[in-house]
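Listed below, chain by chain, are the residues.
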Amino acid sequence: MMHDNSNVAVAENYFLKPGYIFLSVTPVVISTVLGSSVSVCLYDKKRRVGAMNHFLMPTVTDPKKATATYGNVATLTLIRMMREDGSSPKHLEAQIFGGAFHADLSSVDMGRNNIQIARKILARERLPVVSEDVGGQKGRKIVFDTAKNEIAIIKVEKIRKGDWYPYENDR
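Fair warning: this is a prediction, and the values are worked out from it, not measured in the lab.

*Asks:* Account for the sheet that holds strand β9 (residues 129-134), with residues named and values stated.
*Replies:* As summarised here, the arrangement of the five strands in space is β4-β7-β6-β8-β9, forming an open sheet in which the pairing is mixed. In this open sheet, the two edge strands, each paired with only one partner strand, are β4 (20-24) and β9. Each strand of the sheet is rotated relative to its neighbour by a mean of 10 degrees, with strand direction disregarded. Looking at chain direction, β4 and strand β7 (residues 49-54) are connected through five bridges and run antiparallel. In the sheet register, Ile21 faces β7, and the bridge partner there is Asn53. Sheet contacts for helix α1 (residues 71-84): β4, β6 (38-44), β7 and β8 (92-98); angle to β7, the most-contacted strand, approximately 160 degrees.

Here is the structure:
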């Protein structure tokens, strides 16, 4: 945790790369950039702890290839991490973001499949989805403030190289 000049705690920033999961017990601002990929954000209302995943593909069945790149692995692992950290399922709520599809960029609607696997797992685990911003043709920049359970969504026509952290030119 950082402090500003008035010694007030300020949340640190963390950029979540595709295929990763992040949980922090201290306030943090997690950001990521999504196209057809999806992020699930979980928040523990009692403990005020948040976590996020970012997956690219919906499912994998081969245990040797099971990584957080896949929605079934990433979402189940995100839930398990929150539980192992002390969260009770009755205090958890979920939000789902991403899953865009642009026919000019791909012939397969991977985004829809990613959204469906996230919804399916959250429903099976009986975790309420309190909000979502999914589908469509635009990419998204997601900024999740885990201290306040606030999420900002910035929709973009085209995801540029400079949108990825560390931010570079053309931003």
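Resuming the write-up.
*Asks:* Please provide a residue-by-residue account of the packing of aromatic side chains, values included.
*Replies:* Taken as a whole, this structure holds one aromatic pair when the rule is applied. Aromatic side chains Tyr14 and Phe22 sit 3.8 Å apart centroid to centroid with 10 degrees between the ring planes, which places their arrangement in the stacked category.

Cut-offs applied
Residues numbered from 1 in each chain as written. Predicted model: local features only at pLDDT ≥ 70, side-chain atom pairs only at ≥ 80, totals over all residues. Heavy atoms only, no water. Pairing = 2+ DSSP bridges. Helix = DSSP H or I, 4+ residues; strand = E, 2+ residues; numbered from the N terminus. Axes fitted to C-alpha atoms, helices over the stretch in contact; angles between N-to-C directions. Contact = heavy atoms within 4.5 Å. Phe/Tyr/Trp six-rings, centres within 6.5 Å; stacked < 30°, edge-to-face > 60°.

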